[in-house]
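So you can see what is in the structure, the chains are spelled out below.
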Amino acid sequence: MNIKKKLKVSLWKTPFFFFKSLVIFIKLTKSGALVLILNSQFETNKFKSIIHGINFLIYRGKKEEIGIKLLNCLTKLGPGYIKLGQALSTRPDIIGNEISKHLKKLQDDIDPFCGLLAKSIIERESKLLITDTFTLFNLEPIASASVAQVHKAILKNGEKVAVKILRPGIEKKLFIDFQFFYWGSKLIEFCMPRIKRLKLSQTVEVFSKTSLNELDLTMEASAGDELAENFKNYSSFRVPKIYWELTTKNVLVLEYIDGIKIDDINSLKKHNHNIKQIVSTAIEVFFLQVFRDGFFHGDMHPGNIFIDDKSNLIPIDFGIMGRLQNNDRQFLALLLTYLLDKKYSKVVQIHDEAGMLGKDVPHDQLAQAIRAISTPILNKPIGDISVAKLMGQIFGLSKSYNIEIQSQFSLLQKTMLMSEGIARQLRPEINMWELSRPLIDKWINETNDPFNIIEEWFHKNKKIILKIPEIINNLDKLLLKK
């Protein structure tokens, strides 16, 4: 799918989108969204003054009302905005615990569509009556999110399953949101040419493509299957069984998981789960997905991770998955290592080696700038350190230092933020990156091992190598003819 071509906005739509952007900005401001910006540390004093003035003129609510106002606003704006709220809900350190508590409802507590409609969709897809497939199908959904809702059912063989059904018309609604986001990113890049290095439009393209893939549930089933294959020998992380014979583009049937959400700390403690071990396992699983496999779950909010009675981590919802090539993984591993070691000149060096810096960028000055934004973050109490936030601020230096931002890291950074948010909720005193440091160091050493490099080269060029005898034979025949 050529997502860039599909997202491109025709000229006649531009006036409408200008008006729409103004309306959405006013709605978000009325919900208190600008208060969150005013409470952040990302903007200059001049920018903060402008935002404060706009907020003073438009916002009339109390600070404690922001959570419910923002929840209602994002829900009404559409599925694209709901996804933004889901990401924010995992960062109570940024938006506050009270607002985070309200936004968590966006994970799986959106108003559902009619259960009878869900039943008719299943029958249309399977071309069978619902009673031919299930002995029991609950019309009341057990979870309802922005893209789909889930119903509990029992198969004819007695197995409990979760039946995921796409919301009717969701593809059109989600595409409209993404087209608007793409238009907005292009407008910003046109009005502020220097901001092109952030590659906002490419980031929207990547996010749109991964999210629209979420609308084909056979693709989600395939992603879940690949994740299960990657972790088939890992005992503490399990992917639910997928019932391929019952799965279509609009319906996904998988094993029903009777577990506790990973952020439900009270229930985890009540059932004697080892919180410390759960966090350690979660960090190791994140590392293995990103560095070992280069294939990771891209929507790791707490509503998508369950803990079963054996303390296994069980992910659900494989609609948004990310991939990283080996060179991207090596860059990321070195970046994390050098940041944690405070080797800022090395951070600049790997950006240069990756072709992300312009020719005239002063390396010493850039290293000093990275030190300036890193020190306040890395000097915080260990539980408050956010490497994902730090990476975002380093990417933010692109305007001043001609850094080419790589769009493939945008989904990863979102996943890192969510992972940090979950780890911080479970164990506020830890830094997940320090815990994963030995794994990263080991991976770097193994990746740079000469024998592994040779083995990888042979694997990549296996087809050519196998053809060498045939090539030699053909050369012999050619020489004999002469």
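These numbers come from a predicted model, not from an experiment.

Undergrad: Quick one: what's the story with the side chain of Ser419, residue by residue and with numbers?
TA: Within the secondary structure, Ser419 sits in helix α22 (residues 408-426). Classification of Ser419 as buried rests on a relative accessible area of 11%.

Undergrad: Can you lay out helix α17 (residues 326-340) for me, pointing to particular residues and giving the numbers?
TA: Over its 15 residues, α17 runs 21 Å from end to end, which matches the ideal 21 Å to within 8%, given 1.5 Å per residue. Of all 15 residues in α17, 12 are buried, a share of seventy percent or more. Positive phi appears at Lys342, one or two residues downstream of α17, with a value of about 60°.

Undergrad: Any details on the pairing of strand β5 (residues 251-255)? Residues and values, ideally.
TA: Along any regular strand, the residues point their side chains to alternate faces of the sheet. Extensive coverage of β5 is indicated by the burial of 4 of its 5 residues. Where strand β4 (residues 160-166) meets β5, 5 bridges bridge the pair, whose relative direction is antiparallel. What sits directly across from Ile165, in β5, is Val251.

Undergrad: Help me get a handle on the sheet that holds strand β6 (residues 260-261), residues and values and all.
TA: Reading across from one edge, β6-β8-β9 is the order of the 3 strands in this open sheet, with antiparallel pairing throughout. On the outer flanks of this sheet lie β6 and β9 (313-315), each paired with one strand and no other.

Undergrad: Could you give an account of the environment of Leu155, with specific residues and numbers?
TA: Turning to its location among the elements, Leu155 is positioned in strand β3 (residues 148-155). Measuring from C-alpha to C-alpha, the distance between Leu155 and Thr133 comes to 6.3 Å, with 22 residues separating the pair along the chain. If we skip the residues at most four places from it in the chain, Leu155 touches Thr133, Phe134, Thr135, Val161, Tyr243 and Leu246.

Undergrad: A description of the packing of aromatic side chains should follow, citing residues and the corresponding values.
TA: A full pass over the atoms with the stated rule returns 13 aromatic pairs. On the basis of an interplanar angle of 40° and a centroid distance of 5.8 Å, the ring pair of Phe134 and Phe137 is categorised as tilted. In terms of burial, Phe134 and Phe137 fall into one category: buried. Taking NZ or CZ as reference, Lys20 lies 4.8 Å from the ring centre of Phe180, over its face. Geometry around Phe231 places Arg292 over its ring, the cationic atom sitting 4.8 Å from the centre.

Calculation rules
- Residues numbered from 1 in each chain as written.
- Predicted model: local features only at pLDDT ≥ 70, side-chain atom pairs only at ≥ 80, totals over all residues.
- Heavy atoms only, no water.
- Helix = DSSP H or I, 4+ residues; strand = E, 2+ residues; numbered from the N terminus.
- Buried < 20%, exposed > 50% of the residue type's maximum accessible area, 1.4 Å probe, protein only.
- Expected span 1.5 Å × (residues − 1).
- Pairing = 2+ DSSP bridges.
- Contact = heavy atoms within 4.5 Å.
- Phe/Tyr/Trp six-rings, centres within 6.5 Å; stacked < 30°, edge-to-face > 60°.
- Lys NZ or Arg CZ within 6 Å of the ring centre and 35° of its normal.

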